[in-house]
Amino acid sequence: MPKFAVITGASSGIGAEFARQLSARGYQLLLVARRTDRLQQLSAQLTTVCEIFPADLSRAEECCRLADALRERQVDLFINNAGFGDCGPFLETELDKELRMMDVNVRAVQILTKRMVQQMERQGSGALLNVGSSAGLLPGGPYMATYYATKAYVVSLSQAVAAELRARHSPVYLGCLCPGPVHTEFNQVANVRFALPGISAAYCVRCALAGIRRRRTIIVPGPAMATAMALSHLAPRPLLVAVAGWQQKRKLSR
């Protein structure tokens, strides 16, 4: 029987690439995102059974609606990918956008991690991958303060829950993907360019699936980024310093 995977934030970027690669591996899919048209377009391109589930995961009730819809289904893999960022001085960034970011990057991850790990424990198997960021492995993040803080939460939560699952010899796997810059729509939404070169979404997802197969708790795609993370404690400032797009925007507006 084909395996079944759920992907949040599936309408673009890393989420859409997870859908392509998992479909190519024979998974049946449930794709979750706000943009129904994008989900329909992606679904039409895939070769396996693919359902769409439009939802705004910034709302707690929508997260619960998704979890409730999956309650009676065998979920083999859940990709907690929905999230976004922002860039700019903390004194100038929009509070409303930051609160929405916290709702999606933190609260939705908290709800869906708890609900899906509990379900997988009951069903006796399953894997859950939270998509964090290398930002979550680094101390602070000037000009991306709120984003770094949300991803630190995702990394910490994932490590702690994974340790609890190992301690109880659970059949459930939980990991956290921590990529550096990836060439996706994230950069446009966050209004940011990065000092370090990015990787493709396809390469990022291949590394993620290999890490899941090896049951790694923290997955950092690419040798260059993995080395940077290992050396980050030697640097006086985070290695993932954002070259702030807001600066360029401000110059253009003058």
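Remember, predicted model here, so these are calculated numbers, not experimental data.

Engineer: Got a minute to help me understand the packing of helix H3 (residues 60–69) against helix H4 (residues 95–123) in this structure?
Structural biologist: Two quantities define a packed helix pair, namely the angle between the axes and the distance from one axis to the other. The geometry of H3 relative to H4 is characterised by a closest axis approach of 9 Å and an angle of 20 degrees between their N-to-C directions. On the basis of the axis angle, H3 is roughly parallel to H4. As H3 runs across H4, the sense of the crossing is right-handed. Of the residues in H4, those in contact with Ala60, Cys63, Cys64, Leu66, Ala67 and Asp68 of H3 are Arg107, Ala108, Ile111, Leu112, Arg115 and Gln119. Grouping the constituent residues of the contact of H3 with H4 by class yields eight nonpolar, one polar and three charged.

Engineer: Hey, could you run me through the packing of aromatic side chains in this one?
Structural biologist: Aromatic rings in a pair are described by how distant their centres are and how their planes are angled relative to each other. As enumerated under the stated definition, the model contains zero aromatic pairs in all. The residue whose ring lies beneath arginine 73 is phenylalanine 4, and the NZ or CZ to ring-centre distance is 4.2 Å.

Engineer: Hey, could you run me through the nonpolar core in this one?
Structural biologist: In globular proteins that are soluble, nonpolar side chains generally tend to be buried together. Counting 41 residues, the largest nonpolar core has Leu70 and Phe78 as its most contacted members. Among the secondary structure elements, those contributing two or more residues to this core are strand S1 (4–8), strand S2 (28–33), H3, H4, helix H5 (145–167) and strand S6 (172–177). The element best represented in this core is H4, accounting for nine residues. Every residue in contact with phenylalanine 78, bar those within four places of it in the chain, is listed here: Val6, Thr8, Leu66, Leu70, Leu112, Met116, Met120, Ala127, Leu128 and Leu129. Counting 32 residues, the second-largest nonpolar core is a separate cluster that includes Leu46, Leu77, Val131 and Cys204.

Engineer: Even after reading the chapter, I still don't get the pattern of salt bridges, so can you show me in this structure?
Structural biologist: It is possible for side chains of opposite charge to pair when their charged atoms get near one another. Per the stated rule, a full pass over the model turns up nine salt bridges. Between arginine 73 and glutamate 51 there is a salt bridge; the shortest N-O distance is 2.8 Å. One end of the pair, arginine 73, is in the loop between H3 and strand S4 (77–80); the other, glutamate 51, is in strand S3 (residues 50–54), with 22 residues separating them in the sequence. The class of arginine 73 is partly exposed, set by a relative accessible area of 31%. Classification of glutamate 51 by relative accessible area gives partly exposed; the value is 31%. For the salt bridge of arginine 107 with aspartate 103, the shortest nitrogen-to-oxygen distance reads 3.7 Å. Linking arginine 107 with aspartate 103, this pair stays in helix H4, spanning four residues, or about one helical turn. On the accessibility criterion, aspartate 103 (23% relative accessible area) is partly exposed.

Engineer: Could you clarify how one ought to interpret the sheet that holds S3 in this entry?
Structural biologist: Pairing between sheet strands relies on hydrogen bonds along the backbone, with the strands arranged either parallel or antiparallel. Taking strand neighbours across the sheet as the criterion, the seven strands line up as S3-S2-S1-S4-S5-S6-S8 in an open arrangement whose pairing is parallel. One side of each edge strand has no neighbouring strand; the edge strands of this open sheet are S3 and strand S8 (218–219). Bridging between S2 and S3 involves five bridges; their strand directions are parallel. Each bridged residue has a counterpart across the sheet, and for leucine 30 the counterpart in S3 is glutamate 51. Sheet strands touched by helix H2 (residues 36–45): S2 and S3. Its angle to S3, the strand with the most contacts, is close to 175 degrees. Contacts between H5 and the sheet are confined to strand S5 (126–131), S6 and S8, with S6 contributing the most and set at about 155 degrees to the helix.

Engineer: Even after reading the chapter, I still don't get a nonpolar patch on the surface, so can you show me in this structure?
Structural biologist: A contiguous nonpolar surface patch, about 280 Å² in accessible area, is contributed by Leu95, Leu99 and Met102. For leucine 95, the location among the structural elements is in helix H4. Accessibility expressed as a relative area gives 54% for leucine 95, which makes it exposed.

Engineer: When you look at a positive patch on the surface in this model, what are you seeing that I'm missing?
Structural biologist: Taken together, the side chains of Arg25, Arg213, Arg214 and Arg216 make up a positively charged region of the molecular surface. Tracing the chain through its elements places arginine 25 in the loop between helix H1 (13–24) and S2.

Engineer: I keep staring at the packing of H4 against H5 and nothing clicks. Help me out?
Structural biologist: The contact between H4 and H5 brings their axes to 9 Å, and the two run at 10 degrees. Here H4 is positioned roughly parallel relative to H5, judged by the angle of their axes. Of the residues in H5, those in contact with Glu98, Met101, Met102, Asn105, Val106, Val109, Gln110, Thr113, Val117 and Glu121 of H4 are Thr146, Tyr147, Thr150, Lys151, Tyr153, Val154, Leu157 and Leu165. Taken together, the residues of the contact of H4 with H5 sort by class into 10 nonpolar, five polar and three charged.

Engineer: Looking at this structure, how should I read the confidence of the model for the chain?
Structural biologist: The predicted structure's coordinates, where accompanied by low pLDDT, should not be read in detail. For the chain, per-residue confidence averages 87 on the pLDDT scale, and residues scoring 70 or more make up 82% of the total. This stretch, residues 186–190, has a pLDDT under 50; its non-local contacts, to residues over four places away or in other chains, come to 15 contacts. Contacts for the low-pLDDT stretch residues 233–254, under 50 throughout, to residues beyond four places or in other chains number 41 contacts.

Calculation notes
Position numbers for residues start from 1 in each chain and track the written sequence from start to end. Local features in this predicted model are restricted to residues whose pLDDT is 70 or higher, and side-chain atom pairs enter the listing and the counts only when it is 80 or higher, whereas totals over whole chains, interfaces and linings include all residues. Processing note: side-chain calculations cover all non-hydrogen atoms of the structure and skip hydrogens and water entirely. To get an axis, fit a line to the C-alpha atoms, keeping to the stretch in contact for a helix; angles then go from 0 to 180 degrees between the N-to-C directions. Secondary structure is summarised from DSSP: a helix means a run of H or I of at least four residues, a strand means a run of E of at least two, and numbering begins at the N terminus for each. Any angle between 65 and 115 degrees counts as roughly perpendicular, while under 35 counts as roughly parallel, over 145 as roughly antiparallel, and the rest as oblique. Helix crossings fall into two classes, left-handed where the near helix is turned counterclockwise from the far one by less than a right angle and right-handed where it is turned clockwise. Contacts were defined at the residue level, with two residues in contact if any of their heavy atoms lie within 4.5 Å. Nonpolar residues are Ala, Val, Leu, Ile, Met, Phe, Trp, Tyr, Cys and Pro. Charged residues are Asp, Glu, Lys and Arg, and all others, Gly as well, are polar. Ring pairs shown here join Phe, Tyr and Trp side chains whose ring centres sit within 6.5 Å, with only the six-membered ring taken for Trp; geometry is labelled stacked below 30 degrees between planes, edge-to-face above 60, and tilted in between. For a lysine, the NZ atom is tested; for an arginine, the CZ atom; a charge sits over a ring if that atom is within 6 Å of the ring centre and within 35 degrees of the ring normal. Nonpolar core, defined: a set of buried Ala, Val, Leu, Ile, Met, Phe, Trp, Tyr and Cys residues in which side-chain atoms within 4.5 Å join the residues together. Each residue's exposure class comes from its accessible area (1.4 Å probe, protein chains only) as a fraction of the maximum for that residue type: buried when under 20%, exposed when over 50%, partly exposed otherwise. When a carboxyl oxygen of Asp or Glu is within 4 Å of a side-chain nitrogen of Lys or Arg, the pair counts as a salt bridge. Here the rule is simple: two strands pair whenever DSSP picks up at least two bridges between them. A residue counts toward a patch only above 30% relative accessible area and without a salt bridge, and it is joined to like-charged neighbours within 9 Å or, for Val, Leu, Ile, Met, Phe, Trp and Tyr, to nonpolar neighbours within 5 Å. Per-residue and other accessible areas follow the Shrake-Rupley method at a 1.4 Å probe size, with only the shown protein chains counted as cover for residues. Only four residue types enter the charge count, namely Lys and Arg as positive and Asp and Glu as negative; His and the chain termini do not. All charge positions are set by atom: Lys at NZ, Arg at CZ, Asp at CG, Glu at CD. Values of pLDDT, ranging from 0 to 100, describe the predictor's confidence in every residue of the model.

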